[in-house]
Amino acid sequence: MNNILTAIKAIVESPGLKYVRESNNVIQNRANQMGASFEEYVKDAFANCIGKDQITIKKERSETFSYLGRSTTPPDAILMSSDAIEIKKLESSTSSIQLNSSYPKNKLHSTNPKICTACRECEEWDVKDMLYVIGIVNKQILKSIFFIYGDLYCDANEIYDNVEKVIKNRIQTIDGFELADTNELARINNIDHLGITDLRVRGMWIIKSPFNYFEYLIGDQRDSSFKLVALIPEEKYKSFDNVEEFENFSEEYGIDIVDDESEDPQNPAKLINVKPTKYYIY
């Protein structure tokens, strides 16, 4: 079953570091296509079909994912019987990640009102581990990619959910407005005298880049031309059925896998055993 280790291996060993495939089946220089194709590139990495023809890509994706998302609702993909994936593109390591109205998630729950029916019904599931994949794309060239699990990056869902609830409840107490039911923070209808203008009140969640926050674990390496980093909880890492194959591959290709500890986002006084996995090209 394909997982994060499959994706790392595919990126390192394939032409994906230099090329991405256009829909017309012609291989193009990555500098021309990576900016627009980063999300598709990541999905192809998980499906282990970077640079393949369109028919093969569709087949491999159908055997890898139970859900491929849409731009308006999270997540961007769900691995079959495995993780939910959210893919974000940045222009620099210091840029914050725009999550829009979807707050950071350590887990994705099927009861989340912001996911669509197709996602909720793509398979039998209640809770998914959340995997964030962040790429730094500068002038349409992929400079760095960071894989990180929500358990290492995000607090418990109720922390963010409670903030939204407090804001919603406060807005509901404001007199003189016609409030409508909504999954957003609020919707105020018929604001003007003609009753033709409404106001949608939406959240804009922002989170620091893991390249920035986790520099103490991954190092600087600003002189590298390409950087791949993955932070995986040790327990999660050991659960994969392709660990031995991946570690043999890593030894051959110079991927560095170490043992370390990271703060528990739900209680920074506690530490979580992690497997920082790093690959650099100079």
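Conventions and cut-offs
- Counting restarts for each chain: residues are numbered from 1 in the order of the written sequence.
- Under the rules for a predicted model, residues below a pLDDT of 70 receive no local features and side-chain atom pairs below 80 are neither given nor counted, while totals for whole chains, interfaces and linings still include all residues.
- Values reported for side chains reflect all heavy atoms of the structure, with hydrogen atoms and water molecules removed beforehand.
- In this analysis, rings of Phe, Tyr and Trp, with Trp reduced to its six-membered ring, are considered paired at centre separations within 6.5 Å, and the interplanar angle assigns stacked below 30 degrees, edge-to-face beyond 60, and tilted for intermediate values.
- Put simply, DSSP H or I for four residues or longer makes a helix, DSSP E for two residues or longer makes a strand, and each gets a number counted from the N terminus.
- Accessible area is worked out with a 1.4 Å probe on protein chains only. A residue is then buried under 20% of its type maximum, exposed over 50%, and partly exposed in between.
- Here, a charge over a ring is recorded when the distance from Lys NZ or Arg CZ to the ring centre is within 6 Å and its angle to the ring normal is within 35 degrees.
- What the arc measures is the spread of directions leading from the helix axis to the C-beta atoms.
- Each residue gets a pLDDT score, which is the predictor's confidence in that residue and runs from 0 to 100.
- Here, residues are in contact when the closest pair of their heavy atoms is within 4.5 Å.
- Here, a strand pair is defined by DSSP locating no fewer than two bridges between the strands.
- Only one rule defines a salt bridge in this text: a Lys or Arg side-chain nitrogen within 4 Å of an Asp or Glu carboxyl oxygen.
- Any pair of N or O atoms that falls within 3.5 Å is considered a polar contact. Within protein, one atom must be able to donate a hydrogen and the other to accept it, and sequence-neighbouring residues count only if both atoms are side-chain atoms.
- Take the buried Ala, Val, Leu, Ile, Met, Phe, Trp, Tyr and Cys residues and link them wherever side-chain atoms come within 4.5 Å; each set so joined is a nonpolar core.

Colleague: I would appreciate a short explanation of the packing of aromatic side chains in the present structure.
Modeller: The geometry of an aromatic ring pair is captured by the separation of the ring centres together with the interplanar angle, meaning the angle of the planes. Summed over the entire model, instances satisfying the criterion amount to 13 aromatic pairs. With 6.5 Å between their ring centres and 45° between their planes, Phe-146 and Phe-214 make a pair best called tilted. With Phe-146 in strand 9 (residues 141-149) and Phe-214 in the loop between helix 7 (210-213) and helix 8 (215-218), the pair connects residues that are 68 residues apart, well separated along the chain. With a centroid separation of 5.0 Å and 85° between ring planes, the pair formed by Tyr-213 and Phe-214 is classed as edge-to-face. You can call Phe-214 buried: its relative accessible area is 1%. Clustering of aromatic rings is evident, with ring pairs tying together Tyr-132, Phe-146, Tyr-153, Phe-211, Tyr-213, Phe-214 and Tyr-216. For the cation-ring pair, Lys-9 lies above Phe-249, with the distance from its terminal atom to the ring centre recorded as 5.1 Å. Sitting over the face of the ring of Tyr-103, Lys-105 holds its NZ or CZ atom 5.0 Å from the ring centroid.

Colleague: Explain helix 10 (residues 243-253) to me, please; I cannot follow it from the model alone.
Modeller: Because the α-helix completes a turn every 3.6 residues, residues three or four places apart line up on one side. All of the buried residues along helix 10 are Val-243, Phe-246, Phe-249 and Ser-250. End-on view of helix 10: buried residues confined to an arc of 125°, all on one side of the axis. Residues of helix 10 that are exposed and point over 90 degrees away from its buried face: Glu-244, Glu-251 and Glu-252. One or two residues past the end of helix 10 sits Gly-254, with phi positive at roughly 80°.

Colleague: I keep staring at helix 1 (residues 4-13) and nothing clicks. Help me out?
Modeller: Burial analysis of helix 1 places nine of its ten residues in the buried class, which makes it a mostly covered element. Within helix 1 the residues assigned to the buried category are Ile-4, Leu-5, Thr-6, Ala-7, Ile-8, Lys-9, Ala-10, Ile-11 and Val-12.

Colleague: Honestly, the confidence of the model for the chain in this entry has me stumped. Any pointers?
Modeller: For the chain, mean pLDDT is 88; residues scoring 70 or higher make up 91% of the total. Note on residues 18-36: pLDDT under 50 across the span, and 44 contacts to partners over four residues away in sequence or across chains.

Colleague: What exactly am I supposed to notice about the sheet that holds strand 12 (residues 199-201) here?
Modeller: In a beta sheet, neighbouring strands are held together by backbone hydrogen bonds and run either parallel or antiparallel to one another. The antiparallel open sheet is built from three strands, whose spatial order is 10-11-12. Where the open sheet ends on each side, the last strands, each with one partner, are strand 10 (178-179) and strand 12. Pairing analysis gives three bridges linking strand 11 (residues 186-189) to strand 12, with the strands arranged antiparallel. Of the residues in strand 12, the one forming a bridge with Ile-188 is Leu-199.

Colleague: How should the pattern of salt bridges be read in this particular structure?
Modeller: Pairing of side chains with opposite charge becomes possible as their charged atoms draw close. Tallied over the full model, the rule gives 19 salt bridges. Between Asp-83 and Lys-236 there is a salt bridge, with its nearest N and O atoms 2.8 Å apart. Highlighted residues: Asp-83 in the loop between strand 4 (73-79) and strand 5 (84-90) and Lys-236 in helix 9 (residues 234-239), separated in sequence by 153 residues. Side by side, Asp-83 and Lys-236 carry an identical accessibility label, which is buried.

Colleague: Any chance you could explain the environment of Ser-95 here in plain terms?
Modeller: Position of Ser-95 relative to the elements: it lies in the loop between strand 5 and strand 6 (97-100). Between the C-alpha atom of Ser-95 and that of Asp-129, which follows or precedes it by 34 residues, the distance is 25 Å. For Ser-95, the residues in contact, after removing those within four places along its chain, are Leu-90 and Ser-209. One polar contact links Ser-95 to Ser-92, side chain to side chain, over a distance of 2.9 Å.

Colleague: Could you clarify how one ought to interpret the pairing of strand 8 (residues 127-138) in this entry?
Modeller: As a general feature of sheets, a regular strand has side chains that alternate between the two faces. The element strand 8 is largely enclosed, with a buried count of ten among its twelve residues. Pairing geometry for strand 5 and strand 8, over seven bridges, is parallel. For Lys-88, the partnering residue across the bridge sits in strand 8 and is Ile-134. Note that strand 7 (residues 107-109) and strand 8 share three bridges and pair antiparallel. Its bridge partner lying in strand 8, Lys-107 is registered against Asp-129. Counting the residues in the hairpin turn of strand 8 and strand 9 gives two residues, including Lys-139, whose phi is positive at 55°.

Colleague: What's the story with the nonpolar core in this structure? I'm lost.
Modeller: Among soluble globular proteins, nonpolar side chains are generally buried collectively. Residues Ile-4, Phe-46, Val-133 and Phe-147 are the most contacted members of the largest nonpolar core, which totals 39 residues. Sort the elements by how many residues they give to this core and helix 1 lands first, with seven residues. Membership of the second largest hydrophobic core comes to 31 residues, among which are Tyr-103, Ile-134, Phe-146 and Ile-207.

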